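Survey of secondary and tertiary structure
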Amino acid sequence: MTKQGFTTRQVHADRMLNTPEHGGVHTSTSNSVLFEFKDAQGIIDAFQGKRAAHVYSRSSSPSVAALQNMLNELEGGVGTLCFSTGMAAISSTLFALLKAGDHLIVSQYLFGNTRSFFETLKDFGIHVTYTDVTDIEQVVEAYQPNTKGVYCETVANPVTQVSDLHAIGQFCEEKHILFMVDNTMTPPPLCYAKDYKASLIFCSLTKYIAGHGNVLGGAVTDTGHFNWEKYTNIKSAYKVADKAQWGITQIKKKGLRDLGATLAPESATAIAIGMETLGLRLQRSQQNALKLATFLDNHHSVSEVFYPGLADHPQHFMAREQLNNGYGAILSFNLVDNIDPVAFLNEMELVICATHLGDNRTLALPVAPTIYFENTAEEREKMGVSDNMLRISVGIEDTDDLIADFRNALHAVASE
């Protein structure tokens, strides 16, 4: 057969990659915490890394391993690890790979909780420079002799700034530093970050991968681009025979095992099933997002819309080059000054006021007083977050119903 389409591969991924028992099409959920070794030498070899085996489910289990295989295939990696949440994937990985005195270049548009974690890293002696990742010159200017990597998102949440993945990837390769990309907002098939020389790809599986707002999870994938022999922080105990595995091995041992943010087997199964419809859900939600963004952009009660699919978006052409078949399903907009965002949200009937992304249902949130409440007004201004901004995670509802809900709510608050 010729190479199969994305959704075909996803629907059959579990049974093709993992060969479930008894002819099942899904890997069975394994709830065992411990695993027996009939030959005691086996457990010794497993502990010493001489053979691959499940020993204790904090580090690995059949259910999580099956999901990791599917995610690794999705991103084209040499290894993937799953964690209990997306933030757990980020924090466990960076704690495993960094040490006091290291420096990171980080997107100034970073999502609030992720930025909060980078502030925590400063307390551990890790230096952080926030910069405009849409401009490669500013990234280059931020480089220091102790820089260990660049961290950015493909598309920022909530103002949708688009990172210059191509240029940053080239720069990181030249400097032999990590290029860490959060691909939560634009997972495959929308963006293959490996194509832009990403070293590590992070994803909150809670969002589009799982898709149904019923499970938490996170992952990091090593794409194989980075030469871990040039990374001075790898401990000798984790320099295994396969040098491409040095990074993911240290993340597993010092991040997943030691910090313990383990993904539950039941969660792994739910995420794996959700992945099957990823392509279909993304296609529908992106279609809705573009139509909704266009509607809002032409409405007199809206002052500005932020969506990469609009021609006047500052990085529209960059997004068109880096994203495949769409521009994502997250947008934000500012209401005109005389309209209260809270009053507007209270008029919505179909759209849900909730903090989440990538759900089948369309969700809305006032940005400044919620997810960016801990940031100063100056910090929010640098991120492009205004006091009357609303973030929309566009779902898969019928388009006409969705736009009607926005139209009716805008009419109601404009008439007050």
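Residues numbered from 1 in each chain as written. Predicted model: local features only at pLDDT ≥ 70, side-chain atom pairs only at ≥ 80, totals over all residues. Heavy atoms only, no water.

1. Observations concerning the sheet that holds strand β8 (residues 302–306)
With respect to topology, five strands assemble into an open sheet ordered β8-β9-β12-β11-β10, the strand pairing being mixed. Both edges of this open sheet fall to β8 and β10 (352–353), since each of them pairs with a single strand only. Two elements, β8 and strand β9 (residues 330–335), share four bridges in a ladder whose sense is antiparallel. Within β9, the position partnered with V302 by the bridge is L335. Strand contacts of helix α11 (residues 278–297): β8, β9 and β12 (389–393), with the helix running at about 10° to β9, the strand carrying the most contacts. (Pairing = 2+ DSSP bridges. Helix = DSSP H or I, 4+ residues; strand = E, 2+ residues; numbered from the N terminus. Contact = heavy atoms within 4.5 Å. Axes fitted to C-alpha atoms, helices over the stretch in contact; angles between N-to-C directions.)

2. Describing the pattern of salt bridges
Side chains bearing opposite charge may pair, as long as their charged atoms lie close to each other. Under the defined criterion, the tally for this structure stands at nine salt bridges. Across the pair D398 and R284 runs a salt bridge whose closest N-O atoms are separated by 3.3 Å. A residue pair is termed long-range when its members are at least 10 positions apart, and D398 in the loop between β12 and α15 (399–414) and R284 in helix α11 qualify at 114 residues. We classify R284 as partly exposed; its relative accessible area is 29%. A salt bridge links D359 to R361; the shortest N-O distance between them is 2.7 Å. (Salt bridge = Lys/Arg side-chain N within 4 Å of Asp/Glu carboxyl O. Buried < 20%, exposed > 50% of the residue type's maximum accessible area, 1.4 Å probe, protein only.)

3. Observations concerning α11
Its 20 residues give α11 an end-to-end C-alpha distance of 28 Å, which sits within 8% of 28 Å, the value for a rise of 1.5 Å per residue. Taken together, the buried positions of α11 are L278, G279, R281, L282, S285, Q286, N288, A289, L292, A293, F295 and L296. Contact partners of the buried residues in α11: α1 (6–11), α10 (265–275), β8, β9, β12 and α15. (Expected span 1.5 Å × (residues − 1).)

4. Looking at the environment of C353
Within the secondary structure, C353 is located in strand β10. Counting along the chain gives 12 residues from C353 to L365, while the straight-line C-alpha distance between them is 5.7 Å. With near-sequence residues (within four places) excluded, C353 lies in contact with L345, A364 and P366.

5. Some words on the side chain of E153
With respect to the helices and strands, the residue E153 is situated in strand β4 (residues 147–153). Put simply, E153 is tucked away with no salt bridge, and the nearest opposite charge, on R391, sits 9.2 Å away. There is a polar contact of 3.2 Å between the side chain of E153 and the backbone nitrogen of F111. Ignoring anything within four residues of it in the chain, the contact list for E153 reads Y109, L110, F111, S163 and D182. (Lys, Arg positive; Asp, Glu negative; His and termini not counted. Polar contact = N/O pair within 3.5 Å; in protein donor to acceptor, adjacent residues only side chain to side chain.)

6. Focus: the nonpolar core
Counting 82 residues, the largest nonpolar core has L67, L296, F333, F344 and F406 as the members making the most contacts within it. When sequence neighbours within four positions are dropped, the list of residues in contact with L296 reads V302, V305, L331, F333, F406 and L410. Counting residues in hydrophobic clusters, the runner-up holds 32 residues, among them M180, I234, I248 and I251. (Core = buried A, V, L, I, M, F, W, Y, C linked by side-chain atoms within 4.5 Å.)

7. Concerning unusual backbone geometry
Cis geometry marks the peptide bond from N157 to P158, where omega comes out at 20°. Look at T19: it is not a glycine, yet its phi comes out positive at around 40°. One can find T19 in the loop between α2 (13–18) and α3 (40–47). Of note, the phi angle at K197 is positive, near 70°, even though the residue is not glycine. Counting through the fold element by element, K197 comes out in the loop between β5 (178–182) and β6 (200–204).

8. What about the sheet that holds β4?
Across the sheet, seven strands lie side by side as β1-β7-β6-β5-β4-β2-β3; this open sheet has mixed pairing. Both edges of this open sheet fall to β1 (79–83) and β3 (127–131), since each of them pairs with a single strand only. Between one strand and the next, the sheet's axes are offset by a mean angle of 20°, whatever the strand orientation. In this structure, β6 lies alongside strand β7 (residues 218–222), joined through five bridges in antiparallel fashion. When the bridges of β7 are listed, L200 appears paired with D222. Seen against the sheet, helix α6 (residues 112–123) touches β2 (103–107), β3 and β4 and runs at an angle of roughly 145° to β3. Packed onto the sheet, helix α9 (residues 246–259) meets β1, β6 and β7 and runs at close to 15° relative to β1.

9. Observations concerning a nonpolar patch on the surface
Together, V33, L34 and Y56 line one region of the surface with nonpolar side chains, adding up to about 300 Å² of accessible area. Here Y56 falls in the partly exposed class, since its relative accessible area comes to 41%. (Patch = residues over 30% accessible without salt bridge, like charges linked within 9 Å, V, L, I, M, F, W, Y side chains within 5 Å. Areas by Shrake-Rupley, 256 points an atom, 1.4 Å probe, with all protein chains shown as cover.)

10. Observations regarding α9
A rise of 1.5 Å per residue sets the reference length of α9, with its 14 residues, at 20 Å; its end C-alpha atoms lie 18 Å apart and thus fit the reference within 8%. K252 marks the point of greatest bend in α9, at about 30°. Taken residue by residue, α9 has W246, G247, I248, T249, Q250, I251, G255 and L256 as its buried positions. Contacts from the buried residues of α9 go to β1, α5 (86–97), β6 and β7. Among the residues trailing α9, G260 stands out with phi positive, at a value near 80°. (Bend = angle between axes of the 7 residues up to and from the residue.)

11. Things to note about the packing of α5 against α6
Relative to each other, α5 and α6 sit at 25°, their axes nearing to 11 Å. Between α5 and α6, the crossing angle belongs to the class labelled roughly parallel. Once α5 is placed against α6, the crossing between them reads as right-handed. Touching M87, I90, S91, L94 and F95 of α5 are N113, T114, F117, F118 and L121, all from α6. (Parallel < 35°, antiparallel > 145°, perpendicular 65-115°, else oblique. Left-handed = near helix turned anticlockwise from the far one by under 90°.)

12. Observations concerning the packing of aromatic side chains
If you walk through the whole model with that rule in mind, you get 12 aromatic pairs. Among the aromatic side chains, those forming a connected cluster through ring pairs are F95, F117, F118, F124, Y151 and F202. For K175, the ring lying beneath its charged end belongs to Y143, and the centroid distance is 4.7 Å. (Phe/Tyr/Trp six-rings, centres within 6.5 Å; stacked < 30°, edge-to-face > 60°. Lys NZ or Arg CZ within 6 Å of the ring centre and 35° of its normal.)

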